[in-house]
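# Topology and contacts: notes
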2 protein chains.
Amino acid sequence: MQNYKMLLQYEGTRYNGWQKQGNTPDTIQGIIEALLGEINGSPVELNGSGRTDAGVHAEEQCASFKLDTDTDCAVLKTELNRLLKKDIRILSIEKADPRFHARLNAKEKTYIYRICTDEKADVFTRHFTYLYPCCVDMQKMKRAAALLTGRHDFKAFCSDRRTKKSTVREIYSIDTELEGKLLRMRFTGSGFLYNMVRIMSGTLLKVGTGEMQPDDMTAVLESLDRKNAGPTLPSSGLTLQSVRY
Amino acid sequence: MQNYKMLLQYEGTRYNGWQKQGNTPDTIQGIIEALLGEINGSPVELNGSGRTDAGVHAEEQCASFKLDTDTDCAVLKTELNRLLKKDIRILSIEKADPRFHARLNAKEKTYIYRICTDEKADVFTRHFTYLYPCCVDMQKMKRAAALLTGRHDFKAFCSDRRTKKSTVREIYSIDTELEGKLLRMRFTGSGFLYNMVRIMSGTLLKVGTGEMQPDDMTAVLESLDRKNAGPTLPSSGLTLQSVRY
């Protein structure tokens, strides 16, 4: 068995997210596993660095898989790119240490949430931008972002109420910037809970528009209660930017 | 009558170009003129800075038009953005001097041609990029670009053989850059002939891949013969970036 590390990008618009789910068609994992299985001659398991939800995009997702035979990486990459539609692209494939696992070894992930605050979205980025016409106070957003940064119990920023696992995570940085009317929020952390980036984005947006105050962040975190945070913004604005190992 | 200056952007993929043509549906000019005519209560003529061909995009096209009544620019912009599909966006509308005409007063235009030289196009820019897997020699391309810059008779770079008008134009600059595997060629000039940017891009690409030499540019220009220049690249890679007045 040879282990491989793959980097890939996708526009998630047409897909039911990363993770294959029974007979649900059109998941990124399901589609690529099927192609790898055909190439391998027997089923292949593709482990992504993490699941991205339906509609979420990835600029550089990482995944690992094992094949029965030692295969030329460049040939494999070209073959997959030929078979995959235009909205999924393999960036690279390389041979990896047998112990490498894209999810278990991931050290850090960066996500970007894009919001167009104009009355209509830029036509060239509209497929990966959430349209929300408003005016935002960047100073307030930056103060709120600073309060969310660091090691906290993010239970209030998680959609899964039933989880028994730890909801403590560490966020290394949250950068917010406004370029023209395009608002970008970039989150880097050790890992994120279910819907956490979309809920943090929704909460920061409420701070930006004045519906919440920066200082509210501390109370929201301490409450551990999902209903105190802002809304879960649509998946279309979210992009996994990179994974670090 | 009040004269207006409008800036707009569009992804040209779904459209038959800028210029309305009899009963051909889905031209940018035709669609916006129809909406303006309804708002005005009588037909309106929309003059673009120039025609963009079917499939060509615009980051900032300029157009002028006259309405019978003095209308609030912000209200008009919002109404048009609401009525237009997501791939056409009005960036601004302002009142203009009665003599302002978007085509006649245009001083300078900038076009960008994008080529992805990798085996598959970046999923996020694939709709405005021409995929042409190859290796390019940037030094050769820059030398060729320098020879095409300036005031020349560009008849060899024009698709319209029957034109009786002058084919002399001045190109102020041609910038070529390679970022990763994405090749960008930016052309700024007083004006361009029919298909001129796409033919120049095809010619420079042939120089980049070694099929033509930089020094060939002088002979191609002097020949005044279309068949000596490179191919007309697809419209999908071409974007009108801006117009200066």
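Residues numbered from 1 in each chain as written. Chains lettered and ligands numbered in written order. Predicted model: local features only at pLDDT ≥ 70, side-chain atom pairs only at ≥ 80, totals over all residues. Heavy atoms only, no water.

What chain A contains, in helices and strands, is 5 helices and 10 strands. Against the 2.2 N^0.38 benchmark of 18 Å for 245 residues, chain A shows a C-alpha radius of gyration of 19 Å, consistent with a compact globule. Principal axes of the C-alpha set define a box for chain A whose edges measure 55 × 40 × 30 Å. The proportion of buried residues among the 245 residues of chain A is 52%. (Helix = DSSP H or I, 4+ residues; strand = E, 2+ residues; numbered from the N terminus. Rg over C-alpha atoms; globule rule 2.2 N^0.38 Å. Buried < 20%, exposed > 50% of the residue type's maximum accessible area, 1.4 Å probe, protein only.)

Interface size is commonly expressed as the accessible area that is lost once the parts come together. Residue and element names in this part refer to chain A. We note that the domain assignment places domain 1 (2-95) and domain 2 (108-244) within chain A. The straight-line distance from the C-alpha centre of domain 1 to that of domain 2 is 28 Å. Each side of the interface is counted separately: domain 1 has 16 residues, and domain 2 has 16 residues. Interface of domain 1 and domain 2: buried area, both sides summed, is about 1,200 Å²; carbon and sulfur atoms make up 49% of it. In terms of surface lost to domain 2, no three residues of domain 1 exceed Asp53, His57 and Glu59, which account for 43% of the buried area on that side. Taken together, domain 1 and domain 2 are joined by 2 salt bridges. Our count for the contact surface shared by domain 1 and domain 2 stands at 10 residue pairs in polar contact (both at pLDDT 80 or more). For the side of domain 1 that touches domain 2, the residue count by class is 4 nonpolar, 7 polar and 5 charged. (Domains from an automatic or database assignment. Contact = heavy atoms within 4.5 Å. Buried area = accessible area lost by both parts, 1.4 Å probe. Salt bridge = Lys/Arg side-chain N within 4 Å of Asp/Glu carboxyl O. Polar contact = N/O pair within 3.5 Å; in protein donor to acceptor, adjacent residues only side chain to side chain. Nonpolar A, V, L, I, M, F, W, Y, C, P; charged D, E, K, R; others polar.)

Here we take up the relation of the copies chain B and chain A. Each copy of the sequence occupies a distinct position, and chain B is placed on chain A by a rotation of 180 degrees and an axial shift of 0.0 Å, giving an RMSD of 0.0 Å. Interpreted geometrically, this transformation is the action of a two-fold axis. Counting the interface residues of chain B, we find that 100% of their copies in chain A are interface residues as well, pointing to one common contact surface. (Least-squares fit on C-alpha atoms with pLDDT ≥ 70 in both.)

Another aspect to go through is the pattern of salt bridges. According to the stated counting rule, one finds 32 salt bridges over all chains in the structure shown. The salt bridge involving B:Arg14 is made with B:Asp87; its shortest N-O contact spans 2.7 Å. Residue B:Arg14 is located in the loop between β1 (2-10) and α1 (28-40), and its partner B:Asp87 is located in the loop between α2 (73-83) and β4 (88-96); the two are separated by 73 residues in the primary sequence. The partly exposed category is assigned to B:Arg14, whose relative accessible area is 42%. Relative accessible area serves as the criterion here: at 4%, B:Asp87 is assigned to the buried category. Salt bridges linked by common partners bring A:Arg89, B:Asp118 and B:Asp122 together as one network.

Turning our attention to the state of the cysteines. All names here are of chain B. Evaluated as defined, the whole model comprises 0 disulfides over all chains. The thiol sulfur of Cys134 is not disulfide-bonded, and the nearest other cysteine sulfur, from Cys135, lies at 6.9 Å. Assessed through its relative accessible area of 14%, Cys134 is described here as buried. (Disulfide = S-S within 2.5 Å.)

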